[in-house]
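Observations on chain architecture
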Amino acid sequence: MSIGRGADGGLEFDRDLSFANTLALPSRAEHFWHARTESGVGDGLELANAHGWPITVLGGGSNLLLPPAIGGLTLRADIEGVAFRQGRGDRVHVEVGAGVGWHALVEACVGRELWGVENLALIPGLAGAAPIQNIGAYGVELADVIDWVELVDRRDARMQRLDRDACDLGYRDSVFKRELADQVVITRLGLTLSTRPRPQLDYGVLRERVAATPSARDVFEAVCAIRREKLPDPIRTPNAGSFFKNPLVTAAVASRLLRQLPSMPHYPQSDGQVKLAAGWLIDQCGLKGRREGAFGVHDRQALVLVHFGGGTLEGLLAFADKLVDAVRERFGVVLEREPRRVDASGIYTPETGVGAPTIRASDG
Ligand code: EPU
């Protein structure tokens, strides 16, 4: 059901979100607001604030764990548009709306032979979500190309622009996961790319897959091919990409493990810590391809959990806990979850029911 539906969205009630999260977890939003402009975002926020509704912001839903029912207002900011502007020398500034598909943006940049985002091909999700976890793959992170992020403050619906430093981007981390978590809606990003070739081919097999002087499109196509070999397409096999972060351990822990397992992939960091490969650790526990009911470990990349259908968030978390326990017991390393869990806000009982436990405000 919906009311007030216009060019800039409107309010819908009891909206099914199973198609709005790439893990295809059953979920319903008590109220749903689909904004297509910054002022539409502001209208949705003002409506929620006037009613005292908690606010949940969805992007492409590719890195989220949704509960069966979300109370308050769930808002999606589908702001379109990509604009290119020539800067000084070889620089090109790109302004992109939060609702543009990340991969479509990469294709548009590669189509203009711009360098900077070709290694980030085929990452699911919308551009607006990219800064939250500082998306990264094949030796490149969003942090390498981002200039600014525009956002609307949830409390007063005012727009702001944060420069790159204020975003405080780190490995799968940013100010949007910490100090600004649940405070803002990202509406636009500014990137700086380059017309000068600057291939980043340090990641393992990437160099072997391209010519000696590749074009941005060559690198883009090699990345797409590598990803298609290893990672499941969320449209066919629901998943949220890496389910765990690659763990950081002390040099002493890494040396202890390397004495027992000399072939263990390990990546020393500038701060002295060592990053391990969570997928490798899970794989070594013999869990790659393991299926239990509705969920499983992907059979080509153990870092990715897949949903075969009919599962719930509770089932997924229980399955993930077993993997964490297995890795902890075998290696003494604790894996941290990567996708963000959305809070149910504890106040909503969907009328149509999704097999969810009923949550009432009086329950606490
Ligand atoms: N490995 C195994 N078995 C597995 C998986 C991995 O032995 O089942 C080994 C690989 O052979 C390799 C090492 O572990 O030696 C690392 O694997 P891979 O290169 O596939 O990358 P990853 O560390 O598992 C990270 C990102 C991916 C990103 C790739 C490529 C994280 C949490 N994940 O995975 O990002 O695409 O590097 O850069 O950092 C995502 O975040 O959703 C994502 C897919």
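Residues numbered from 1 in each chain as written. Predicted model: local features only at pLDDT ≥ 70, side-chain atom pairs only at ≥ 80, totals over all residues. Heavy atoms only, no water.

Let us now look at helix 1 (residues 38-51). The end-to-end C-alpha distance of helix 1 is 20 Å, a good match for the 20 Å that 14 residues give at a rise of 1.5 Å each. Among the residues making up helix 1, those that are buried are E38, G40, V41, G42, G44, L45 and A48. Buried residues along helix 1 sit in contact with strand 3 (28-35), strand 4 (55-58), strand 6 (69-77), strand 11 (146-153), strand 12 (159-163) and strand 13 (184-194). One or two steps after helix 1, the chain reaches G52, where phi turns positive at roughly 70°. (Helix = DSSP H or I, 4+ residues; strand = E, 2+ residues; numbered from the N terminus. Expected span 1.5 Å × (residues − 1). Buried < 20%, exposed > 50% of the residue type's maximum accessible area, 1.4 Å probe, protein only. Contact = heavy atoms within 4.5 Å.)

Glancing now at the pattern of salt bridges. With the rule as written, the count across this model stands at 20 salt bridges. Ionic pairing is found between D168 and R178, a salt bridge with its closest N-O pair at 3.3 Å. With D168 in the loop between helix 4 (164-167) and strand 13 and R178 in the loop between helix 4 and strand 13, this pair connects stretches of sequence that are ten residues apart. Owing to a relative accessible area of 41%, D168 belongs among the partly exposed residues under this scheme. The salt bridge partner of D325 is R328, with a shortest N-O separation of 3.1 Å. Taken together, the residues span about one helical turn, with D325 and R328 both in helix 8 (residues 313-331) at a distance of three residues. Among the charged side chains, a network of salt bridges with common partners joins D168, D173, R178 and E179. (Salt bridge = Lys/Arg side-chain N within 4 Å of Asp/Glu carboxyl O.)

The next point concerns the nonpolar core. Judged by nonpolar contacts, the single largest core of 46 residues is most densely connected at W102, L105, V117, L142, F176 and L191. Looking at which element gives the most residues to this core, the answer is helix 5 (residues 216-230), with seven residues. Contact partners of F176, with chain neighbours within four places excluded, come to P131, I132, V149, L151, L162, C167, A181, V184, I186 and R340. The next biggest cluster of nonpolar side chains, apart from the first, holds 36 residues, and it includes A254, A277, A294 and L323. (Core = buried A, V, L, I, M, F, W, Y, C linked by side-chain atoms within 4.5 Å.)

Backbone-to-backbone hydrogen bonds pair the strands of a sheet. The strands run either parallel or antiparallel. Ordered by their spatial adjacency, three strands build an open sheet running 15-17-16, and the pairing between neighbours is antiparallel. Whereas interior strands pair on both sides, the edge strands pair on one side only; in this sheet they are strand 15 (248-249) and strand 16 (266-268). Both strand 15 and strand 17 (residues 274-276) contribute to a ladder of two bridges, which runs antiparallel. Bridge pairing in strand 17 links V249 to V274. (Pairing = 2+ DSSP bridges.)

The quantities given are spatial measurements derived from coordinates; they are silent on function.
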